[in-house]
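A look at the structure
What follows is the residue order along each chain.
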Amino acid sequence: VINDGTGIEINGKVANLEAGDIEMSNTGKLGTKINGTVKNENGNSTFNNEAGEYLVSGTVSNNDGNLTISNTGSGINVTADGLIANAGGQLDISNTGNDGIIIDGQVQNNGGDLNMTNEGLAGISINGNSINAIGNSNYINKKGKFSVDGNIQNSNGKLSVINDGTGIEINGKVANLE
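Residues numbered from 1 in each chain as written. Predicted model: local features only at pLDDT ≥ 70, side-chain atom pairs only at ≥ 80, totals over all residues. Heavy atoms only, no water.

Burial of strand β19 (residues 137–141) is one-sided: the residues S137, Y139 and N141 facing one way are buried, the residues N138 and I140 facing the other way are not. Of the strand pairs in this sheet, strand β16 (residues 114–118) and β19 are connected by five bridges, and their pairing is parallel. Bridge assignment links N115 to a residue of β19, and that residue is N138. The pairing of β19 with strand β22 (residues 159–163) spans five bridges and is classified as parallel. Within the sheet, the bridge partner assigned to N138 lies in β22 and is S160. (Buried < 20%, exposed > 50% of the residue type's maximum accessible area, 1.4 Å probe, protein only. Helix = DSSP H or I, 4+ residues; strand = E, 2+ residues; numbered from the N terminus. Pairing = 2+ DSSP bridges.)

In structure tokens form, the structure reads like this:
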């Protein structure tokens, strides 16, 4: 799906249940809004948002492949009802938009590395849960504050937090389990 119009909004379901990849690219000023479900089985999923917000209030899931979310628009926002889930591969979330990365919902990865990188002014704010099982978790924040009021959990791998922004504030829980 390539959009050069006003934006992408998914209120229903987009599913690839066989082998293959899903790619969504947006340059429309209203951004990418996933209120419904995007599901991929046996492949890679790539989301590129170049304008507006990348908003997940529904579900983005990928199995047996890599899931990549890249935003150069205003920011990435996973609402309290939002879920980004990947199993059997690497999960990469990167943002350069000024509004940073806000995780009020759930980010889950199982069976690969979870990499979250922010260069946006507002930093990374994890108020929900960011959980990785069987892999490494790497959080890199280059601008703004890295704050955790929710939970970061990694198991069966290494947990790394690198902050070059304005500071780190942890009111929630950060844990690396064996």
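Anyway, onward from the coordinates.
Here we come to the pairing of strand β8 (residues 53–56). Pairing analysis gives three bridges linking strand β5 (residues 32–34) to β8, with the strands arranged parallel. Across the sheet, K33 pairs through a bridge with L55, a residue of β8. When β8 meets strand β11 (residues 75–78), the two strands line up parallel, connected through four bridges. Residue E53 lies in a different strand from β11, and its bridge partner there is G75.

The next point concerns the pattern of salt bridges. Applying the stated rule across the entire model yields three salt bridges. The closest approach of N and O atoms between E119 and K142, which form a salt bridge, is 3.9 Å. Taken together, the residues span a long stretch of sequence, with E119 in the loop between β16 and β17 (124–126) and K142 in the loop between β19 and β20 (145–148) at a distance of 23 residues. K142 gets classed as partly exposed once you look at its relative accessible area, which sits at 40%. Among the ionic pairs, E169 bridges to K145, the shortest N-O distance being 3.0 Å. Placement of E169 in strand β23 (residues 167–170) and of K145 in strand β20 is noted, with a sequence separation of 24 residues between them. Owing to a relative accessible area of 33%, E169 belongs among the partly exposed residues under this scheme. Taking the relative accessible area as the measure of exposure, K145 reaches 37% and is therefore partly exposed. (Salt bridge = Lys/Arg side-chain N within 4 Å of Asp/Glu carboxyl O.)

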